[in-house]
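Residue-level structure breakdown
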Amino acid sequence: MPSVKEILETMDYGPAPGAAGEVRAWLRARGRFGHLIDGAMTPPGAVFATHNPATGETLAEVTQGSAADVAAAVAAARAAAPGWAALPGHARAKWLYALARNLQKREAFFRILEVLDTGKPIRETRDIDLPLAIRQIYHHAGWAELGGEDLPGHAPHGVVAAIIPWNFPLLMLARKVAPALAAGNTVVLKPAEETPLTALAFAEICVEIGLPAGVLNIVTGDAETGAALVAAPVDKIAFTGSTEVGRAIRGATAGSGKALTLDLGGTSAMIVCADADLDAAVEGVVASVWTNQGQICAAGARIFVAEPVAERFTARLAARMEKLRLGDPLDKGTDIGAVISPAERDRLRALLARGLAAGANLVTSAAPLPAQGSFVAPGLLLGAEPANPCANEEILGPIATLASFRTPAEAIELANASRYGLAASVWSENITLAQDLAARLVAGTVWINCHSVFDAAAPFGGMRESGLGRDGGRAGMRACLRPPAPPAQTEAPAPDFSAAPCPEPAAPQPIDRTAKLYIGGAQKRPDGGQSWRVIHAGREIGLAPLGGRKDIRNAVEAAHKAAGWSKQTGHARAQVLYFLAENLSLRAAEFEARLAETGHDPAEVTQTIRLAFRAAALADKIEGAVIQTKPQMLTLTRPEPWGVLGIACANAQPLLGLAALVLPAIAAGNRVVAIPAMVQPLVAADFAQVLDSSDVPGGVVNLISGPRDDLAMVLAGHDDVAALWYAGTPEGAARIERESAGNLKATWCPTLRDWAAQEMRETLEQATQTKTIWVPYGM
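Residues numbered from 1 in each chain as written. Predicted model: local features only at pLDDT ≥ 70, side-chain atom pairs only at ≥ 80, totals over all residues. Heavy atoms only, no water.

Side chains of Val626, Leu634 and Tyr777 sit close together on the surface and give an oily, nonpolar patch of about 300 Å² of accessible area. Its location among the elements puts Tyr777 in the segment after strand 35 (768-776). Note on Tyr777: relative accessible area 45%, which makes it partly exposed. (Patch = residues over 30% accessible without salt bridge, like charges linked within 9 Å, V, L, I, M, F, W, Y side chains within 5 Å. Areas by Shrake-Rupley, 256 points an atom, 1.4 Å probe, with all protein chains shown as cover. Salt bridge = Lys/Arg side-chain N within 4 Å of Asp/Glu carboxyl O. Helix = DSSP H or I, 4+ residues; strand = E, 2+ residues; numbered from the N terminus. Buried < 20%, exposed > 50% of the residue type's maximum accessible area, 1.4 Å probe, protein only.)

Time to look at the packing of helix 25 (residues 708-717) against helix 26 (residues 730-739). At a closest axis distance of 9 Å, the pairing of helix 25 and helix 26 adopts a crossing angle of 25°. Here helix 25 lies roughly parallel to helix 26, going by the angle between them. Considering the relative orientation of helix 25 and helix 26, their crossing is right-handed. Note on element contacts: helix 26 touches helix 25 through Gly732, Arg735, Ile736 and Glu739, opposite Asp709, Ala712, Met713, Ala716 and Gly717. A class-by-class count of the residues in the contact of helix 25 with helix 26 yields four nonpolar, two polar and three charged. (Axes fitted to C-alpha atoms, helices over the stretch in contact; angles between N-to-C directions. Parallel < 35°, antiparallel > 145°, perpendicular 65-115°, else oblique. Left-handed = near helix turned anticlockwise from the far one by under 90°. Contact = heavy atoms within 4.5 Å. Nonpolar A, V, L, I, M, F, W, Y, C, P; charged D, E, K, R; others polar.)

Backbone hydrogen bonds are what pair the strands of a sheet, in a parallel or an antiparallel way. Pairing is mixed across the open sheet formed by three strands, whose spatial order is 1-5-4. Both edges of this open sheet fall to strand 1 (32-33) and strand 4 (47-51), since each of them pairs with a single strand only. Sheet topology note: the strand 4/strand 5 (residues 58-63) ladder contains five bridges and is antiparallel. Considered in strand 5, the bridge of His51 is made with Thr58. Strands strand 1, strand 4 and strand 5 of the sheet are contacted by helix 8 (residues 197-209), whose axis makes an angle of about 65° with strand 5. (Pairing = 2+ DSSP bridges.)

Moving on to the nonpolar core. One finds Leu27, Leu103, Leu189, Ile303 and Phe313 to be the most contacted residues of the largest nonpolar core, which totals 131 residues. Ranked by residues supplied to this core, first place goes to helix 7 (residues 169-182) with ten residues. In this structure Ile303 touches Met270, Val272, Val285, Phe313, Leu317, Leu380, Ala400, Thr401, Leu402 and Ala403, once residues within four positions along its chain are discounted. (Core = buried A, V, L, I, M, F, W, Y, C linked by side-chain atoms within 4.5 Å.)

This next bit is on the environment of Ala652. Within the element layout of this structure, Ala652 appears in the loop between strand 30 (644-648) and helix 23 (656-667). Of the residues examined, Ala652 reaches a relative accessible area of 9% and is grouped as buried. For the pair Ala652 and Leu752, spaced 100 residues apart in sequence, the C-alpha to C-alpha distance is 8.4 Å. Residues within four places of Ala652 in sequence aside, it is in contact with Gln489, Thr490, Glu491 and Ala492.

The element strand 7 (residues 159-163) is extensively covered by neighbouring structure, given that five of its five residues are classed as buried. Alternating positions in strand 7 separate into two faces, Val159, Ala161 and Ile163 on one and Val160 and Ala162 on the other, with burial throughout. When strand 7 meets strand 8 (residues 186-190), the two strands line up parallel, connected through five bridges. Of the residues in strand 8, the one forming a bridge with Val160 is Val187.

All right, on to the packing of aromatic side chains then. Evaluation of the coordinates by the stated rule reveals eight aromatic pairs. A ring pair is formed by Trp26 and Phe33, whose centres lie 5.4 Å apart and whose planes are at 45°; its orientation type is tilted. Exposure remark for Trp26: the relative accessible area of 9% places this residue in the buried category. The class for Phe33 is buried, based on a relative accessible area of 3%. Pairing Phe109 with Phe110 gives two aromatic rings, centres 5.7 Å apart and planes at 75°, and the pair type is edge-to-face. The same class applies to Phe109 and to Phe110, which are both buried. Put simply, the rings of Trp26, Phe33, Phe109 and Phe110 pair up and form one aromatic cluster. Directly above the ring of Phe168 sits Lys120, whose terminal nitrogen or CZ lies 3.7 Å from the centroid. (Phe/Tyr/Trp six-rings, centres within 6.5 Å; stacked < 30°, edge-to-face > 60°. Lys NZ or Arg CZ within 6 Å of the ring centre and 35° of its normal.)

Pairing is mixed in the open sheet, where ten strands are placed in the order 14-15-16-13-12-18-19-35-29-28. Strands at the two margins of the open sheet, each flanked by one partner only, are strand 14 (361-364) and strand 28 (625-627). Each strand axis lies, on average, 20° off the axis of its neighbour in the sheet, ignoring direction. Against the sheet, helix 11 (residues 278-290) contacts strand 12 (269-272), strand 13 (302-306), strand 15 (379-382), strand 16 (399-405) and strand 18 (423-427), and its axis sits at roughly 170° relative to strand 12. Sitting on the sheet, helix 16 (residues 431-440) is in contact with strand 12, strand 18, strand 19 (445-448), strand 29 (633-641) and strand 35, with an inclination near 155° to strand 35.

Attention now goes to helix 4 (residues 89-105). The terminal C-alpha atoms of helix 4, which comprises 17 residues, lie 24 Å apart, in line with the 24 Å expected from a rise of 1.5 Å per residue. Among all positions of helix 4, only Gly89, Ala91, Arg92, Ala93, Leu96, Leu99, Ala100, Asn102 and Leu103 are buried. Tucked inside the fold, the buried residues of helix 4 contact helix 3 (67-86), helix 5 (107-118), helix 6 (122-150), helix 7 and helix 8. (Expected span 1.5 Å × (residues − 1).)

Once that is clear, we can look at the pattern of salt bridges. Considering all chains together, one arrives at 34 salt bridges under this definition. Residues Asp127 and Arg126 are paired through a salt bridge, measuring 2.7 Å at the closest nitrogen-oxygen approach. Owing to a relative accessible area of 45%, Asp127 belongs among the partly exposed residues under this scheme. You can call Arg126 partly exposed: its relative accessible area is 28%.

Attention now goes to helix 18 (residues 549-561). Spanning 13 residues, helix 18 covers 19 Å between terminal C-alpha atoms, matching the ideal 18 Å at 1.5 Å per step. Those residues of helix 18 that fall on the buried side of the exposure criterion are Asp551, Ile552, Ala555, Val556, Ala558 and Ala559. Within helix 18, the buried residues cover an arc of 160° as seen down the axis, which keeps them to one side. Turned more than 90 degrees off the buried face of helix 18, the exposed positions are Arg549 and Lys561. For helix 18, the secondary structure elements touched by its buried residues are strand 24 (517-519), strand 30, strand 31 (671-675), strand 32 (701-703) and helix 25. (Arc of directions from axis to C-beta.)

In this fold, Ser365 is placed in the loop between strand 14 and strand 15. Distance in space between the C-alpha atoms of Ser365 and Glu759 is 58 Å, their sequence separation being 394 residues. Apart from residues lying up to four places away in sequence, Ser365 is in contact with Met321, Glu322 and Pro378. Reaching out from Ser365, the side chain makes a polar contact with the backbone nitrogen of Ala367 at a distance of 3.1 Å. (Polar contact = N/O pair within 3.5 Å; in protein donor to acceptor, adjacent residues only side chain to side chain.)

Structure representation (structure tokens):
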């Protein structure tokens, strides 16, 4: 044993193991676990073993959930749903408070169990996992109390299927279960196959406090169990996991009517500016990439450093890596524990080998790896080009890439060169620069001078292929509820496109005779030069242009060129919309006649004018918020437009249905490519004239008439269209959702709605996505 003098000279850590005796005794006493279904633990069935990643030892045997188990759990949740939803919010709040309080009482037990289950260091479970899980449940007890006041008219979905990953088992459980229960839903939870134990211990708390039977059900198992739950008759699926599985869930649920929240993968960027506090940025890398083994989807695995400080930063980061302690996760002095499994360890080693083969150089710790367990040494890859596998694939391990940049614009280009958009961080002492970079990053969460900071009050979720929807805060609660539905509308039959389309006349025709497409602020003939006859009651009304794939492509390009519209202030957009309403009023009689000639209600014109005024009124009232989270932290939520938004309109209400979608979309700052009603596309051509005369910049609104569902499928598959709204038939909506699963495009399918009764605030909410920005302050 070293002397005190030697310890003071070397400053080595002494052993500080956490006591796991009580947890191991609990595991031995249980041995084999069943499910939590209908308020009771079931007898174990066919089981599989769960292991300690740090030692490989078997911890327990857990039941492999079958399709019958899933069906029983869903049936129990369905039976409990009406009673739970009917409870006053105050009663649900008391149940959530009891769950939070009992979890808090057992905090020491759960932090040890989480270490054994995941292999992460006890400092992580002690300081992050348990406090955040408890905070989630307390926070949503408050939402249960206040939700009816804050979100009036909203109703719970019913039964929620929650599927969670292995990297934060207890925290993810709390993040899915707490808001769902607070909103009045019942839940069937499937924990990850690798980490079911804290969920099963939580199940015992539910039984102990007497949570009503069926309100929360927990079924353990592998991917087949998860697939059975996705296919079950549930009302919403809340999934956190890989992008590939999320894409499969999106495709499997297309057309089912199930609400969906997908919190998916990412490879997040850290931008270290020349004026950054380099030591703080180094600790940001340590906290987000190394001390949790990088097993967090928001880890800052892609580091971009300003060229003037890149050499100094790299040297400090390498020196800090050498001081990290890798070993027993129960030891309070351990920095880096084990990755989740031997399979994950092997995947990381293979990915690292591919990164090195692609030309990167590895800087790693010289400390030896433990002889047992699934350990991976921390590493830093230098010289990894953007196409390097380690720079563009989700790593989920203690490995990061580092590259330099010369200008802030280059940093943004490098950071956004990813199919993901989960999170990012900016490190700079210049708050103006930091806020500018944060605004330009395509990421659902941006931290300034920190990384991987979370709170139940702050929305979290991704953009692009990092997911759909948000967990946390008001946005997360709203995702657990259904807004009030407007009255249904009957869809008018579509025209027959099977007949050969007619060529457009070579000679110029009056605008009320031959309409054109509207692309980039100009009226254009379709690429194929063809039109179809608009016929009503046996009489030809005029010729409508027959748009195609190339016209959609041109319209999307025009919309991207109009990016300045998204940078306009809400006030500037409001002025344009007021002017549009004024110009439409001047031509009201003409539009009424246009609608009447095809048997549509002329009252649509008055309704559209009012709608334009409402869109203008709301354009500069789209508000973000500053929410209370951590001490000395401003946590900002700001609604951002999607960018280029596709819209496919219903046949009913050809003017109102077009305006009810286009005007809120552009009020929020989007640029749109819209497919007007097929039964009366000529009114869209008239509407284009009003856009032209109302100072709407070219490319902000593009109108492509033609076979709606065919053109909508082109928009669904277009990677440069960020989101798609489809207001046609339920069958068409299913095809759109299925087609957009490949690129995980956000879709909204408000089919068969009466647009005169549609609440525009809901449409505006669909027109934006939330970005959360964390800004620390103080000394």
